[in-house]
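Geometric and topological summary
Given next are the chains, with one letter for each unit.
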Amino acid sequence: MDSPATDLYSLTRPELRALVESWRFSPDHAARIWKYLYLGLAGSFGEMPEVPARVRSRLAAETRIGTLSARLETGSSDGFTRKFLLGLAGGEAIETVLMRFAGRATACVSSQAGCAMGCVFCATGQMGFRRHLFAGEIVSQVVHAARALRSAPEPRRLRNVVFMGMGEPLHNYGAVMRAVDILRDPSGLGFGAQRITLSTVGVVPGIRRMADEARPIHLAVSLHSADQAERARLVPAARKWPLDELMDACRYFCAALGRRIFFEWTLIDGRNDTADHAHAVGRLIRELPAQVNLIPLNPTAGYDGAPSRSDAARRFQRILADGYGLPSTVRQRRGIDIGAGCGQLAAPG
Ligand code: SF4
């Protein structure tokens, strides 16, 4: 059997350079290959004309440009959202979403096939955990989205990446952070500190590690309830990392990095959207430099809750702002008709 080829998307720039030098080729070739990969978005070695043929044939023999296979692409009826079903080596599949807003485009990437966290309202949680993604499989999703934008109406450039697709990114810490390093490289895709957001259900050791390593990306914590017992019913991972430990970790993160934190709150009609709920979260996070993202529940087959009405969302916002000085936004609902909204991603293996 052939030895597995190295996925070029899994390598940092120094690692690519070391690989090319190990073949006794000039590091200048590595710099050119990197630019073709991330500035030219090359999908084949034939699209690298300034790389000498002998280098390209070595690349073709020992490496690959990505391992994902495009299986299906769907577009929302309003034209703003596209969802990609991408096959992984080994047979599993993931979904990646590309969203266009006025003047900006965002890729929502997956970090795992399935998820072990089991949030009750989430289609990915309902399918269970299949496997972690490799860093190259994460980077490849971003490149796939960037390529798709080239043939789309404006905007053509990908501005933001959010780890809010399938999986819990802090449950796959090493691969996710390696991917972040590759995405941030200023000679390549060059996503700056404000352009990458990682969303976690509250994996406390991962939050603390991000703080200790001074990871230069935004952190969003999915809260959904300010009461430990109720939160544990919605987010089973809360039994392992209770609310008081989670809030300690959030304080630690903000203090260590001097940065604000985002809290996400899925608004479920009658379950966590009353005035009392808004006051409870206000009291819980008022001491932190925080912003709240309110996300009206999106439908999934395995959960029968309904999204909050818009007047309940507005009341929630008003209480946060007037009572606690907390800014908040209500997330625009995008791609619901193609199952591309928050909590809706799932992929058959
Ligand atoms: S919401 Fe996120 S952490 Fe929870 S089950 Fe879904 S993918 Fe996993």
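Nothing here was measured: the structure is a model prediction, and the numbers come from that model.

Parameters and conventions
- Residues numbered from 1 in each chain as written.
- Predicted model: local features only at pLDDT ≥ 70, side-chain atom pairs only at ≥ 80, totals over all residues.
- Heavy atoms only, no water.
- Buried < 20%, exposed > 50% of the residue type's maximum accessible area, 1.4 Å probe, protein only.
- Helix = DSSP H or I, 4+ residues; strand = E, 2+ residues; numbered from the N terminus.
- Arc of directions from axis to C-beta.
- Contact = heavy atoms within 4.5 Å.
- Near = heavy atom within 4 Å.
- Nonpolar A, V, L, I, M, F, W, Y, C, P; charged D, E, K, R; others polar.
- Pairing = 2+ DSSP bridges.
- Axes fitted to C-alpha atoms, helices over the stretch in contact; angles between N-to-C directions.
- Phe/Tyr/Trp six-rings, centres within 6.5 Å; stacked < 30°, edge-to-face > 60°.
- Lys NZ or Arg CZ within 6 Å of the ring centre and 35° of its normal.
- Expected span 1.5 Å × (residues − 1).

Attention now goes to helix H7 (residues 204-212). Here H7 has its buried residues at Val204, Gly206, Ile207, Met210 and Ala211. Down the axis of H7, the buried side of the element spans an arc of 165°, and every buried residue falls inside it. Among the structural elements, helix H6 (173-184), strand S10 (196-200), strand S11 (218-222) and helix H9 (243-257) are those in contact with the buried residues of H7.

Right, let's talk about the site of the ligand for a bit. The environment of the ligand is formed by Cys115, Met117, Gly118, Cys119, Cys122, Thr124, Gly125, Gly167 and Val201. Here the residues of the shell around the ligand are counted per class, giving 5 nonpolar, 4 polar and no charged.

The subject of this paragraph is the sheet that holds strand S12 (residues 261-267). Across the sheet, 10 strands lie side by side as S3-S4-S5-S6-S9-S10-S11-S12-S13-S14; this open sheet has mixed pairing. For this open sheet the edge positions go to strand S3 (69-75) and strand S14 (328-330), each flanked by a neighbour on one side alone. The sheet shows a mean angle of 20° between the axes of neighbouring strands, taken without regard to direction. Pairing of S3 with strand S4 (residues 81-87) involves 6 bridges; the strand directions are antiparallel. When the bridges of S4 are listed, Ala70 appears paired with Leu86. Packing against the sheet, helix H5 (residues 135-150) makes contact with S3, S4, strand S5 (93-101), strand S6 (104-108) and strand S9 (160-163), and its axis sits at approximately 40° to S5.

Right, let's talk about the pairing of S4 for a bit. Counting buried positions over the 7 residues of S4 gives 6, a clear majority of the element. The antiparallel hairpin formed by S3 and S4 contains 5 residues in its connecting segment, where Gly79 sits at a positive phi of about 80°. Of the strand pairs in this sheet, S4 and S5 are connected by 7 bridges, and their pairing is antiparallel. Note that in S5 the partner of Thr81 across the bridge is Met99. Hairpin connection between S4 and S5: a loop of 5 residues separates the two successive antiparallel strands, and Gly90 in this loop has a positive phi of roughly 100°.

Applying the stated criterion across every chain, the model contains 4 aromatic pairs. Between Trp265 and Phe316, the aromatic rings sit 5.5 Å apart at their centres with planes inclined by 45°, giving tilted as the arrangement. Taken together, the residues span a long stretch of sequence, with Trp265 in strand S12 and Phe316 in helix H11 (residues 310-324) at a distance of 51 residues. Grouping residues by exposure puts Trp265 and Phe316 together as buried. Aromatic ring contacts, followed pair by pair, group Tyr9, Trp34 and Tyr38 into a single cluster. Its guanidinium or amino end placed over the ring of Phe101, Arg104 lies 4.3 Å from that ring's centre, counting from NZ or CZ. Arg208 extends its terminal NZ or CZ atom over the ring of Tyr252, reaching a point 4.8 Å from the ring centre.

A word on H5. Structural remark: α-helix, 3.6 residues per turn; residues separated by three or four positions point the same way. For H5, with 16 residues, the first-to-last C-alpha span of 23 Å sits near the 22 Å given by 1.5 Å per residue. Of all 16 residues in H5, 13 are buried, a share of seventy percent or more.

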